[in-house]
Amino acid sequence: MRALITGGAGFIGSHLADALLARGDQVILLDNLSTGRLENIEHLRQRDDVEFVLGSILNADLVDDVMARSDICFHLAAAVGVELIVDKPLESLATNIRGSEIVFEKAHKHGTRVLVTSTSEIYGKNTSDRLGEEDDRILGSPLKSRWSYSEAKAIEEILAYTYWRQKGLQTYIVRLFNTVGPRQTGHYGMVIPRFVSQAIKGEAITVYGDGQQTRCFCFVGDAVDGIIKIADHPESSGRAYNLGGTEEVSMDELAQRVIAVSGSESKIRYVPYDEAYEEGFEDMQRRVPDTTRARDLVGFEPTVGLDEIIEMVVQDQRR
Ligand code: UDP
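Here is what the cut-offs are and how they apply
- Residues numbered from 1 in each chain as written.
- Predicted model: local features only at pLDDT ≥ 70, side-chain atom pairs only at ≥ 80, totals over all residues.
- Heavy atoms only, no water.
- Helix = DSSP H or I, 4+ residues; strand = E, 2+ residues; numbered from the N terminus.
- Contact = heavy atoms within 4.5 Å.
- Buried < 20%, exposed > 50% of the residue type's maximum accessible area, 1.4 Å probe, protein only.
- Pairing = 2+ DSSP bridges.
- Near = heavy atom within 4 Å.
- Polar contact = N/O pair within 3.5 Å; in protein donor to acceptor, adjacent residues only side chain to side chain.
- Areas by Shrake-Rupley, 256 points an atom, 1.4 Å probe, with all protein chains shown as cover.
- Nonpolar A, V, L, I, M, F, W, Y, C, P; charged D, E, K, R; others polar.
- Phe/Tyr/Trp six-rings, centres within 6.5 Å; stacked < 30°, edge-to-face > 60°.

## Overview of the side chain of arginine 146
Next, step 1: Locating arginine 146 in the fold gives a position in helix H6 (residues 145-167).
Next, step 2: Setting aside residues up to four positions removed in sequence, arginine 146 forms contacts with Val82, Val86, Glu121, Phe281, Glu282, Asp283, Met284 and Arg287.

## With respect to the pairing of strand E6 (residues 171-176)
Next, step 1: Most of E6 is tucked away, with six of its six residues classed as buried.
Next, step 2: Across the two faces of E6 the burial is the same, with Thr171, Ile173 and Arg175 and Tyr172, Val174 and Leu176 all buried.
Next, step 3: Of the pairings in the sheet, the one linking strand E5 (residues 113-119) to E6 comprises six bridges and is parallel in character. If you follow threonine 119 over to E6, its bridge partner there is leucine 176.
Next, step 4: By the bridge criterion, four bridges tie E6 to strand E11 (residues 240-243) in an arrangement that is parallel. Considered in E11, the bridge of isoleucine 173 is made with alanine 240.

## Some details on the site of the ligand
Next, step 1: Around the ligand, 19 residues are found, and the nearest of them are Thr206, Tyr208, Arg215, Asp283 and Arg287.
Next, step 2: The backbone of glycine 189 places a nitrogen or oxygen atom 3.4 Å from an oxygen atom of the ligand.
Next, step 3: A distance of 2.6 Å separates an oxygen atom of the ligand from a polar side-chain atom of aspartate 283.
Next, step 4: Within the complex, the protein chains bury 94% of what would otherwise be the 520 Å² of accessible surface of the ligand.
Next, step 5: At the level of elements, helix H7 (191-201) and strand E8 (205-208) are the ones that each hand at least two residues to the shell around the ligand.
Next, step 6: A class-by-class count of the residues in the shell around the ligand yields nine nonpolar, four polar and six charged.

## Considerations on the packing of aromatic side chains
Next, step 1: By the definition in use, this model includes six aromatic pairs.
Next, step 2: Centre to centre, the rings of tyrosine 277 and phenylalanine 281 are 3.9 Å apart; their planes meet at 15°, and the pair counts as stacked.
Next, step 3: Grouping aromatic residues by their ring pairs yields a cluster made of Tyr208, Tyr273, Tyr277 and Phe281.

Set out below in structure tokens:
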């Protein structure tokens, strides 16, 4: 099978490429290197079964060409990271909405199946005990930049669903909850690589707000395994699937565990949200996935615990 991965030089895209190649697929990696890095795919560049294409999903002719040559498209290219969205809202919207439109138009033209990686941001401020795929979205004002990401990804999901329903294109939606692991950078705000980098340098660990907000982190290898199994399954199209970890942890506790695992002497510094992001910034206080649907369909089960993930990120950054 030949798979196109948009965002193929990104953190998750490059791990997905490794997994597809390991089972004998060929891959085309399309990336404009805006947040993706050549370093992530350096080990793949010389292989005959890998083609790297430098370019944007906003370039319709380019997308047409790579889509025509692929059996499936894993659409991962997106402006991600709350900080990036808040800093560059217009560029983010263009990539996440117009870019996805182009991907679906070309996929439909060539009959290429499409899996889109959506996000837990979809649920917004819904702090339910376990968020299921059919749960309501609770969003703040569209004039607050943070929510524009959720809106844009929702439009991408609607496109995926509608191309399936109306045009019969095989499409799949996965909603990733805080995917973490080696190769992720802290440049765009992601908390684990950032805490680890601060811990290694002995700098203060910047916990935003009061640190009581919680997340469930999922090892990238587990998420990638779920993504591939969902794309392979004959009855998975036209639906959304949560993929995430099971251990709920507060940012306060996360900071302490990063300090412990890395053997750092860093102290914790609490940073108000207004200072960390922008005035009036609203954070999600809690985000816990219900992954029953993916477990029932493809046996999705996270295998790597939080301390093990932190250890891997520490080793990756020390390298
Ligand atoms: N966060 C933090 N310090 C940082 C970066 C992030 O306390 O240096 C917090 C952030 O406010 C959020 C959580 O960590 O509550 C997860 O942030 P991330 O951007 O990794 O993912 P999100 O779940 O917000 O998409």
